Amino acid sequence: MSAAARRELGIVLAFVCLLFIPFSGKAFHMDEPLFLAPARHITTDPLHPLDFQFNWYGRSVPMSAVNNTPPLMLYALAGAIKLSGEREAATRLLFLPFDLLAAAALYFLARRFLSRPLMPVLIVIASPAYMICLNLLYPEKLAAAFGFCGLYALVRGVDEEQPRWFWGSATLLMAALLSKYAAVLFLLPAAGYALHRGVPPRRVVLHLALCGAGLAAWLAWDLFTSRSAAGAAWQVTSQAAGLLTSSWPHKLRSTLAFAGGCGVVTAFWPWLAIRGSVWLRGSVAGFCLLLFAPGLDLAPLVRPLDRATGLLLSAGALFGLYGLFSRAGRARGGVLWAYWAVGVLLLLLFLYWSILARLVVFMIPPLVFSAAEALEAQWPAARLRRLYGVSLGLTLVLSLALAWVDLRYADAQRSMAVQVAREYAGSGRKVWFDGHWGLQYYLERAGAEQLDGSRGGWELVKPGDVVIVPRVNSNLLSAKKKVLADVGSVEVGSRVPLRLISGWAGEGGFYSNTTGFLPYSLSGEPLEEFSVVELVLPSR
């Protein structure tokens, strides 16, 4: 490796540390408690990782019926919390090596196809989806580290005819699949690139078989024990298929808007990088206008600002995808970027239960690198440096603002638990709560108990008890005929007018497009509202 490459790699790794470490103390939130629960159980019973009851959808059921994640992340997280004492910052920092590994792999991969790889890689890392999602304790963190490394190893093995790199990539991709089922998206670019470069089909098939061997062993073990791994994944997918948000207009809106908004430059670079006639550009804009027509709305009222944001982000992403596929046979990395993008699109549109930023993050590298290849071929170096500098600056501003909002939302769950412990549990009152995510994690630690539909739900609440009910949360139990009185409420806001999750009028759906077709919404609505209610006895 040249001195210049070592210097650039150092910049990439330092950049990751600068973006990730300041947010390491953020409270556990969203789906992180879902992975922390089995990890905690593994520390005491490593041979039976899912052998306990867990309430994540409103009812206590065997964890094996809830978990739809392969085991690698769960065991890695178990080791981390054993070392960290389950402290937020320490636990996140123990996973920092995976973040550095993923960033290094992206740099080495981009360097094989781009003349100036540094800035495009930094822009990918600074993008909202990458900066926020891969800084959370999600299986996608490990899938990205192993998946990006696996693709780099395969490309190097194929291009340089080095069998150890080629077969080594199978081990890395196997680890990605053992981290997250969705890592299957990496198999298409791996196989497609190998075949395109002349690797015999039989060798490619054997490579794919090795990639899937670990996951096949896990599923076989599950089949002869709990028989729940495939069933849990299928249940989530099948139930989601019945939701209104699974309609094709909403899916297409979300996929394109997320692809444009989660990468930022993915919505704007295509108009500069891709040569296209006025008719072509008009066709892209016209399709998006139809896609965002009011008649296809799911919400009773979509704000004009959200509709305009969706149009802007989606048109850029769609034009970017056109450019990526149209240049697949001509650009140096075109084949790899095209197969990579198709793998993510197939996953989002046909396999996964929802459109969410933590999967769309895997679409950002091929879209950014493809556009960067096109720009390098057309723009002089000085002009390109200016574009890259402005793009990185604007992306950072937006991502840091969104990361701050996410931090504020996460910490509100922890703060609410502290307040409940002080004001209610501390005075001897029984405290219940509805909802999940980080609120569940911290309220249980504060001594509150979750409403459980398998035990009667709201029938468990007695006079004198209080119940904490969030507004922006999932799987809330209905109070039915219970007569409730408000004891108080806590509204959480932020002066930054951006929302990742919309619970009022916006279309922010960063963590799932069930709350909106945008990855984030320009809005001043509250981040969350916690209601404190108590049971009222009927008058005699």
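You'll find the structure just up there.
Caption draft 1: Structural view of the overall build of the protein chain. Summing up its helical and strand segments, the protein chain has 22 helices and 9 strands in all. The globule rule puts the C-alpha radius of gyration for 540 residues at 24 Å, and the 24 Å found for the protein chain is close to it. Projected onto its principal axes, the C-alpha coordinates of the protein chain cover approximately 80 × 55 × 40 Å. Here the protein chain, with 540 residues, has 56% of them falling under the buried criterion. Counting contacts in the protein chain only where the partners sit at least 6 residues apart, residues at least 24 apart contribute 77% of the total. Put simply, the protein chain shows about 21,700 Å² of open surface, and 63% of that area lies on carbon and sulfur atoms. Averaging the positions of the 47 positive and the 33 negative side-chain charges in the protein chain gives two centres separated by 8 Å.

Caption draft 2: Quick look at the nonpolar core. Residues Tyr130, Phe148, Trp269, Trp340 and Phe362 are the most contacted members of the largest nonpolar core, which totals 182 residues. The element best represented in this core is helix H21 (residues 381-423), accounting for 16 residues. Those residues in contact with tryptophan 340, other than ones at most four positions away along the chain, are Leu106, Leu109, Phe148, Leu151, Leu185, Phe186, Pro189, Phe362, Pro365 and Pro366. Counting 10 residues, the second largest nonpolar core, distinct from the first, contains Trp432, Leu460, Val533 and Leu535.

Caption draft 3: Representation of the side chain of histidine 207 in the model. Tracing the backbone through its elements, the reader meets histidine 207 in helix H12 (residues 201-223). Exposure remark for histidine 207: the relative accessible area of 2% places this residue in the buried category. A polar atom in the side chain of histidine 207 sits 3.2 Å from the backbone oxygen of phenylalanine 166. A distance of 2.8 Å separates the side chain of histidine 207 from the side chain of serine 169, its partner in a polar contact. The contacts of histidine 207, once residues within four sequence positions are left out, are Leu154, Phe166, Trp167, Ser169, Ala170 and Leu173.

Caption draft 4: Focus on the packing of aromatic side chains. Inspection of the entire model under this criterion finds 27 aromatic pairs. Judged by centre distance (6.3 Å) and plane angle (80°), the rings of phenylalanine 113 and tyrosine 193 are edge-to-face. Here phenylalanine 113, found in the loop between helix H6 (96-111) and helix H7 (118-126), pairs with tyrosine 193, found in helix H11 (residues 187-196); they are 80 residues apart in sequence, far enough to count as distant. On the basis of relative accessible area, tyrosine 193 is assigned to the buried category, the value being 4%. By the ring-pair criterion, three or more aromatic residues cluster together here, those being Phe113, Phe148, Phe186, Tyr193, Trp337, Trp340, Phe362 and Phe369.

Caption draft 5: Examining the environment of asparagine 68 more closely. Looking at where asparagine 68 falls in the secondary structure, it is placed in the loop between helix H3 (63-66) and helix H4 (71-84). On the basis of relative accessibility, which here comes to 22%, the residue asparagine 68 falls in the partly exposed class. It is 8.4 Å that separates the C-alpha atoms of asparagine 68 and tyrosine 181, two residues lying 113 residues apart in sequence.

Rules of the game
- Residues numbered from 1 in each chain as written.
- Predicted model: local features only at pLDDT ≥ 70, side-chain atom pairs only at ≥ 80, totals over all residues.
- Heavy atoms only, no water.
- Helix = DSSP H or I, 4+ residues; strand = E, 2+ residues; numbered from the N terminus.
- Rg over C-alpha atoms; globule rule 2.2 N^0.38 Å.
- Buried < 20%, exposed > 50% of the residue type's maximum accessible area, 1.4 Å probe, protein only.
- Contact = heavy atoms within 4.5 Å.
- Areas by Shrake-Rupley, 256 points an atom, 1.4 Å probe, with all protein chains shown as cover.
- Lys, Arg positive; Asp, Glu negative; His and termini not counted.
- Charge placed at Lys NZ, Arg CZ, Asp CG, Glu CD.
- Core = buried A, V, L, I, M, F, W, Y, C linked by side-chain atoms within 4.5 Å.
- Polar contact = N/O pair within 3.5 Å; in protein donor to acceptor, adjacent residues only side chain to side chain.
- Phe/Tyr/Trp six-rings, centres within 6.5 Å; stacked < 30°, edge-to-face > 60°.

Note that every value here comes from positions in space, so none of it alone points to a role or purpose.
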